[in-house]
Amino acid sequence: MELFTDKTIDKTRQGEAFSSEENNQHHFSRKFFIESYGCAMNFSDSEIIASILHSKGFGSTKIEEEADLIFLNTCSIREKAELTVRKRLTEFKKLKKKRPGLLVGVLGCMAERLKGKLLEEEKLVDIVVGPDAYRTLPNLIDEADSGTKAVNVLLSREETYADISPIRLNSNGVSAFVSIMRGCNNMCSFCVVPFTRGRERSRDLHSIVNECKELYNQGYKEVTLLGQNVDSYNWVDPNNGSEADFATLLENVAQISPSLRIRFSTSHPKDITDNVLFTMRKYDNICKYIHLPVQSGSTRVLQLMNRTYTREWYLAKVKRIKEIMPECAISSDIIAGFCTEEEKDHQDTLDIMRQSAYEFSYMFIYSERPGTLAAKSYNDDVDLETKKRRLAEIIEMQNKLSLESNIKDIGKTCEVLIEGNSKRSDAHWVGRNSQNKVVIFEKEPSKQFKKGDYAIVEITEYTQATLFGKVIR
Ligand code: 5AD
Ligand code: SF4
């Protein structure tokens, strides 16, 4: 089980197909259907892909039966993610029989990892495109139209799609993702991302700020700056050689407007600087929430994972965050049952969770990924039963911590950005506070709000996953 509250890997969105609101079907001769899996970066990439396809005359649709092109934007992070996609692919067999011209494309990390092999293994796939090759999609579609299977999985050292204005797919019109960098250089030994997304590169600062400004002008109230490791953002201006780091970028985006909220994800504990923390403190509109994956609480395991920090170092970082911003919420990613993990390592993980008092966590069983250092050099020697039991204990710990954190919010007031009607009832609004906690409150006739407004809410009740409150103003 994963908690749903963070937006990095929103399980509720997995496999969702999106279509753009501005889609005017009359202009488009052919329609594409795109379904995204995995992290927020993939959902953001799908918006870039939609933009590339729109400019070549393809319109988006949410209905797979009416599509001429079906794309799955895939994830390779765990074996299960790939199995889900394989299963989904088999469901298009029938559609292909009914519509002979229909093309099926696999995009993203699985395309990159498996390359041409995917075409042999999944006969119905016509197009395979890796994360750095989306600009070539229109050509690849032409190739596939003429009956040749088309593959482009070239990785790039430069591609950031900086000049492409993403088409917002199925957005709530309030919050949007903005990609600030691509790739990852960290080589955590368990992780396939450096192989599927290539080397790290930062996007032009001005193009990021402009995209955020445009979003704000269109009525958006929240941007989440996305990267595999945002704290190593480093952009060198080709005109004058000056460098911008993540703190500089944050400051530039924060200055667009005090009523535009800024979030970011993901932070690597080794790279987040005091400068970033001070910038967060300086601007009220930078949300007080950091996703700071620990992965394990055992220094020995962390070393095997190549995380480059010790348990003590991580805890010192958490302490520093709380010193600078006592109200800052912290969340984590945790892997249960990594190679050689013993009971005492697992206890260290539970203990570091307790000491860090995470508001949320994403918790996973270790899944060996071909090609990674761990797959090549270590034994996946923790049996599945033990992995499952440890994961259950980790989840239980997190549930307890989330509840404890929410209890402390009773009686506090917070600013909530309204995202829409609560799922349970139209008589309630739902939104998030700065700490990224979901807050639900009753609509009151005397206080008229709309989606995208900020409300000041006093917290009166809680569950482990949600806060409930009463609007003050
Ligand atoms: N097995 C399990 N979890 C993994 N993650 C990355 N690779 C693996 C793997 N092989 C988790 C890490 C990372 C998150 C995005 O996914 O916790 O932070
Ligand atoms: Fe994977 Fe580590 Fe890079 Fe995150 S920082 S994407 S876990 S290699």
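Reading the values: rules and limits
Residues numbered from 1 in each chain as written. Chains lettered and ligands numbered in written order. Predicted model: local features only at pLDDT ≥ 70, side-chain atom pairs only at ≥ 80, totals over all residues. Heavy atoms only, no water. Near = heavy atom within 4 Å. Polar contact = N/O pair within 3.5 Å; in protein donor to acceptor, adjacent residues only side chain to side chain. Areas by Shrake-Rupley, 256 points an atom, 1.4 Å probe, with all protein chains shown as cover. Axes fitted to C-alpha atoms, helices over the stretch in contact; angles between N-to-C directions. Helix = DSSP H or I, 4+ residues; strand = E, 2+ residues; numbered from the N terminus. Parallel < 35°, antiparallel > 145°, perpendicular 65-115°, else oblique. Left-handed = near helix turned anticlockwise from the far one by under 90°. Contact = heavy atoms within 4.5 Å. Nonpolar A, V, L, I, M, F, W, Y, C, P; charged D, E, K, R; others polar. Buried < 20%, exposed > 50% of the residue type's maximum accessible area, 1.4 Å probe, protein only. Pairing = 2+ DSSP bridges. Salt bridge = Lys/Arg side-chain N within 4 Å of Asp/Glu carboxyl O. Phe/Tyr/Trp six-rings, centres within 6.5 Å; stacked < 30°, edge-to-face > 60°. Lys NZ or Arg CZ within 6 Å of the ring centre and 35° of its normal. Arc of directions from axis to C-beta.

A. Focus on the site of ligand 1. The environment of ligand 1 is formed by Ile77, Arg78, Phe190, Gln295, Asp333, Ile335, Phe364, Ile365, Tyr366, Ser367 and Arg369. Glutamine 295 is positioned with one of its side-chain polar atoms (N or O) 2.6 Å from an oxygen atom of ligand 1. Here a nitrogen atom of ligand 1 and a backbone polar atom of serine 367 are 2.7 Å apart. Burial of ligand 1 by the protein amounts to 90% of the accessible area it has alone, namely 400 Å².

B. Geometry of the packing of helix 10 (residues 274–282) against helix 12 (residues 311–324). Contact pair helix 10 / helix 12: the axes reach a minimum separation of 10 Å and the direction vectors enclose 30 degrees. On the basis of their axis angle, the class for helix 10 and helix 12 is roughly parallel. In this structure, helix 10 meets helix 12 at a crossing whose hand is right-handed. Where helix 10 abuts helix 12, its residues Asp274, Leu277, Phe278 and Arg281 lie against Arg320, Ile321 and Ile324. Among the residues forming the contact of helix 10 with helix 12, the class breakdown is four nonpolar, no polar and three charged.

C. View of the pairing of strand 5 (residues 103–108). Taking burial as the measure, the six residues of strand 5 include six buried ones, the bulk of the element. Bridge count between strand 4 (residues 69–74) and strand 5: six bridges; the pairing is parallel. When the sheet's bridge partners are listed, phenylalanine 71 is paired in strand 5 with glycine 105. With three bridges connecting them, strand 5 and strand 6 (residues 127–129) associate as parallel partners. Its bridge partner being in strand 6, valine 106 is matched across the sheet by valine 128.

D. Up close: the pattern of salt bridges. In total, this model carries 44 salt bridges according to the counting rule given. A salt bridge links glutamate 211 to arginine 203, with the nearest nitrogen and oxygen atoms 2.6 Å apart. Each member of the pair, glutamate 211 as well as arginine 203, is classed as buried. Across the salt bridge formed by glutamate 342 and lysine 344, the nearest N and O atoms sit 3.1 Å from each other.

E. Quick peek at the site of ligand 2. The environment of ligand 2 is formed by Cys184, Asn186, Met187, Cys188, Phe190, Cys191, Val193, Pro194, Gln228, His268 and Arg307. Classifying every residue of the shell around ligand 2 by side-chain character gives seven nonpolar, three polar and one charged.

F. How the structure looks around the environment of lysine 97. In this structure, lysine 97 sits in helix 3 (residues 92–98). Exposure remark for lysine 97: the relative accessible area of 74% places this residue in the exposed category. Along the sequence, lysine 97 and arginine 390 sit 293 residues apart, while their C-alpha atoms lie 46 Å from each other.

G. Representation of the sheet that holds strand 16 (residues 329–336) within the structure. Taken in spatial order, the three strands of this open sheet run 15-16-17, and their pairing is parallel. Sheet topology places strand 15 (289–291) and strand 17 (360–365) at the edges, where each strand pairs with a single neighbour. Taken pair by pair, the neighbouring strands of this sheet meet at an average axis angle of 10 degrees, ignoring direction. The pairing of strand 16 with strand 17 spans six bridges and is parallel. Of the residues in strand 17, the one forming a bridge with isoleucine 335 is phenylalanine 364. Sheet contacts for helix 15 (residues 384–407): strand 16 and strand 17; angle to strand 17, the most-contacted strand, approximately 175 degrees.

H. Here's a closer look at the packing of aromatic side chains. This structure, assessed with the given rule, holds nine aromatic pairs. Pairing tyrosine 289 with phenylalanine 360 gives two aromatic rings, centres 5.7 Å apart and planes at 75 degrees, and the pair type is edge-to-face. Taken together, the positions of tyrosine 289 in strand 15 and phenylalanine 360 in strand 17 put the pair 71 residues apart, joining distant regions of the chain. Taking relative accessible area as the criterion, tyrosine 289 reaches 5% and is therefore assigned buried. Pairwise contacts between aromatic rings join Phe190, Phe338, Tyr366 and Tyr378 into one cluster. Lying across the ring of phenylalanine 364, arginine 78 places its NZ or CZ 3.7 Å from the centre. Of note, lysine 443 hangs over the ring of tryptophan 429, and the distance from its end group to the ring centre comes to 4.1 Å.

I. Representation of helix 9 (residues 246–254) in the model. Among all positions of helix 9, only Phe246, Ala247, Leu249, Leu250, Val253 and Ala254 are buried. End-on, the buried residues of helix 9 take up no more than an arc of 160 degrees, which puts them together on one face. Buried residues in helix 9 make contact with helix 8 (205–217), strand 11 (222–226), strand 13 (243–245), strand 14 (261–265) and helix 10. The backbone nitrogen of alanine 247 has a side-chain oxygen 3.3 Å away, supplied by the residue at the start of helix 9, namely aspartate 245.

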